[in-house]
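Chains, contacts and geometry: an overview
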Amino acid sequence: MAETADLTLDGKTISLPIIEGTEHEKAFDIGKLRDQTGYVTYDPGYKNTGATKSAITFLDGEEGILRYRGYPIEQLAEKSTFLEVAYLLIYGSLPTQAEFDAFRYDVTQHSLVHEDIRKILDGFPSSAHPMGILASIVCSLTAFYPKSIAPELSKEELNLNIVRLIAKLPTIAAWSYKNSVGHPFVYPRNELDYTSNFLYMMFSYPTEQYEQNPVVVSALNKLLILHADHEQNCSTSTVRLVGSANASLYGSVSAGVNALWGPLHGGANQEVIEMLEEIERDGGDTSKFIAKAKDKNDSFRLMGFGHRVYKNFDPRAKIIKKAADEVLQALGKQDSPLLKIAQELEQAALTDQYFIERKLYPNVDFYSGIIYKALGIPTEMFTVLFAMGRLPGWIAQWKELRENKEPIGRPRQIYTGETERDYVAMGERA
């Protein structure tokens, strides 16, 4: 017999079905609550609301667990590549060699963007934020590929839209950076892998040979994998909500980019670097700022510590900390003042009872910000790289929504405005 929970309201009892996921998470099914009782639930920020059933990512914040399609993030970061993880998230299983070769070939062949996109980029001032450019160009792909907006797509058409977006986003991202600094655009090269190609388009110049650093390529590959999906967060929920209106993949992902741009979501690693630079400008005394962070009357906050979901150590942080050490060593930046400040803050968080009791451990944003800074990536580009990493997750979530034929999203509200009142003529208003 199916498990239920009884709810009694106004002397009437109804049974709410209980749903259980494969990892034994349980939820009350309130799909018929309003019809049966006239009530709705109130949950600001959806902290306790399961808006969908999903088979993509499992996250247990209390235990510090993150899995993509059942595979632990630790194994994927160590053994896989970003493009293979993208295939896993989108299509549900690790590819065979033949499947991966075909997928990689298709992505490589679609990495060029239409030349008219250069004209669009020319219209942006050099001061334009790269995330604004990225969101605009991604949405503009619906104009270049008008069939993508059709509400019903064949499997071949759907896969073509997916491949195009994965292939072109690094080119668009790199060009948004080149536009911001007034440098000539660099075209992708088919012999390079996904991550190396992005670094080449970001940092090479027509005037000189660009040498790839394998340590840097490996670290960026890990960062992209670690950001590839994270369950139903703000930007992912945005992609699904927009997609529920039968909006195109490009339009839905553009909305996700804009959500990620918000400083409360995707800007955390940028805020880490800005915090470290603030401490450095003040003289570098980390003990002073640790005391400020403990003072509840002080507005200063330590950025990159703790996480809304993880009540234990962020499993991604353990992985990327090692990569950060390797990158700094390879680039000869292990003695930089910012790194020294970061290491002192990290040590305090791991040993000070104040932080331990509150579970304020360094998270993935803390270490990713340090890596991006060491690579010479401007802070305004940090969130663009976050978007590039999150892209496979957005695509997978949008695709799952469509395949499950989920209804259009339409949250309820508790109205708190004025009750009914009569219109007052202009001359009679107080």
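If you look the protein up in an unreviewed UniProt entry, it shows as Citrate synthase from Hymenobacter bucti. Under Sequence similarities (unreviewed entry), UniProt gives the following word-for-word description of the protein: "Belongs to the citrate synthase family."

A count of helices and strands for the protein gives 18 helices and six strands. Its C-alpha atoms give the protein a radius of gyration of 24 Å, near enough to 22 Å, the size a compact globule of 430 residues would have. By principal-axis analysis of the C-alpha atoms, the protein measures approximately 75 × 65 × 55 Å. For the protein, with 430 residues in total, the buried portion stands at 45%. For the protein, the proportion of contacts with a sequence separation of at least 24, taken over those separated by at least 6, is 70%. Each charge class in the protein can be summarised by its mean position, and for the 45 positive and 56 negative side chains these summaries are 2 Å apart.

Running from N to C, helix 12 (residues 268–281) and helix 15 (residues 337–351) cross one another at 105°; their axes reach a closest spacing of 10 Å. With respect to each other, helix 12 and helix 15 are oriented roughly perpendicular. On helix 15, the residues touching Met275, Leu276, Glu277, Ile279 and Glu280 of helix 12 are Pro337, Leu338, Ile341, Ala342 and Leu345.

A few words on the packing of aromatic side chains. Following the criterion strictly, the structure yields 14 aromatic pairs and no others. Judged by centre distance (5.3 Å) and plane angle (85°), the rings of Tyr354 and Phe355 are edge-to-face. The structure contains a cluster of three or more aromatic residues connected by ring pairs, namely Tyr87, Tyr91 and Phe103. For Lys178, the ring lying beneath its charged end belongs to Tyr205, and the centroid distance is 4.7 Å. Across the ring face of Tyr200, the terminal group of Arg189 is positioned such that the distance to the ring centre comes to 5.1 Å.

Moving on, we come to unusual backbone geometry. Most of the time, phi is negative for any residue but glycine, and the peptide bond is trans. Positioned with a positive phi, His24 is a non-glycine residue whose angle comes to about 70°. Along the chain, His24 turns up in the loop between strand 2 (12–20) and strand 3 (26–28).

Before going further, it helps to examine the side chain of Ser244. Inspection of the secondary structure puts Ser244 in the loop between helix 10 (234–243) and helix 11 (249–261). Relative accessible area serves as the criterion here: at 11%, Ser244 is assigned to the buried category. Reaching out from Ser244, the side chain makes a polar contact with the backbone oxygen of Leu241 at a distance of 2.6 Å. Ignoring anything within four residues of it in the chain, the contact list for Ser244 reads Leu401, Pro407, Ile408 and Gly409.

Between its first and last C-alpha atoms helix 18 (residues 382–403) spans 32 Å; for 22 residues at 1.5 Å apiece the expected length is 32 Å, and the two agree. The sharpest bend along helix 18 measures roughly 45° and falls at Arg390, with the proline Pro392 sitting one to four residues further on. By the criterion of burial, helix 18 is predominantly enclosed, with 21 of the 22 residues buried.

Turning our attention to the sheet that holds strand 1 (residues 4–9). Spatial strand order, 1-2-3: three strands in an open sheet with antiparallel pairing. Where the open sheet ends on each side, the last strands, each with one partner, are strand 1 and strand 3. Each adjacent strand pair in this sheet contributes to an overall mean axis angle of 30°, direction not counted.

Attention shifts here to the sheet that holds strand 5 (residues 65–68). Taken together, three strands build an open sheet; the order of strands is 4-5-6 and the sheet is antiparallel. If you trace the sheet from one side to the other, it starts and ends with strand 4 (57–60) and strand 6 (71–72), each paired once. As paired elements, strand 4 and strand 5 share four bridges and run antiparallel to each other. Counterpart to Thr57 in the pairing with strand 5 is Tyr68.

Let us look at the nonpolar core. Tyr68, Leu134, Leu165, Ile166, Leu276, Leu345 and Ile377 are the most contacted members of the largest nonpolar core, which totals 116 residues. Here the element with the most residues in this core is helix 7 (residues 155–181); it accounts for 12 residues.

This part is about the environment of Leu345. Within the secondary structure, Leu345 sits in helix 15. Judged by relative accessible area, Leu345 falls into the buried class, the value being 1%. Through-space distance from the C-alpha of Leu345 to that of Phe305 is 9.6 Å; in sequence the pair is 40 residues apart. Setting aside residues up to four positions removed in sequence, Leu345 forms contacts with Met275, Leu276, Ile279, Thr286, Ile290, Leu302 and Phe305.

Here we take up the packing of helix 9 (residues 214–226) against helix 14 (residues 315–330). One can describe the packing of helix 9 onto helix 14 by two numbers: an axis separation of 9 Å at closest approach and a directional angle of 160°. Considering the angle they form, helix 9 stands roughly antiparallel to helix 14. Handedness of the crossing formed by helix 9 with helix 14: left-handed. When helix 9 is examined against helix 14, the residues Val215, Ala219, Lys222, Leu223 and Leu226 are found in contact with a partner set consisting of Arg316, Ile319, Ile320, Ala323, Glu326, Val327 and Ala330. Of the residues contributing to the contact of helix 9 with helix 14, the split by class is nine nonpolar, no polar and three charged.

Rules used throughout
Residues numbered from 1 in each chain as written. Predicted model: local features only at pLDDT ≥ 70, side-chain atom pairs only at ≥ 80, totals over all residues. Heavy atoms only, no water. UniProt positions renumbered as here; feature names shortened; annotations may be inferred. Helix = DSSP H or I, 4+ residues; strand = E, 2+ residues; numbered from the N terminus. Rg over C-alpha atoms; globule rule 2.2 N^0.38 Å. Buried < 20%, exposed > 50% of the residue type's maximum accessible area, 1.4 Å probe, protein only. Contact = heavy atoms within 4.5 Å. Lys, Arg positive; Asp, Glu negative; His and termini not counted. Charge placed at Lys NZ, Arg CZ, Asp CG, Glu CD. Axes fitted to C-alpha atoms, helices over the stretch in contact; angles between N-to-C directions. Parallel < 35°, antiparallel > 145°, perpendicular 65-115°, else oblique. Phe/Tyr/Trp six-rings, centres within 6.5 Å; stacked < 30°, edge-to-face > 60°. Lys NZ or Arg CZ within 6 Å of the ring centre and 35° of its normal. Polar contact = N/O pair within 3.5 Å; in protein donor to acceptor, adjacent residues only side chain to side chain. Expected span 1.5 Å × (residues − 1). Bend = angle between axes of the 7 residues up to and from the residue. Pairing = 2+ DSSP bridges. Core = buried A, V, L, I, M, F, W, Y, C linked by side-chain atoms within 4.5 Å. Left-handed = near helix turned anticlockwise from the far one by under 90°. Nonpolar A, V, L, I, M, F, W, Y, C, P; charged D, E, K, R; others polar.

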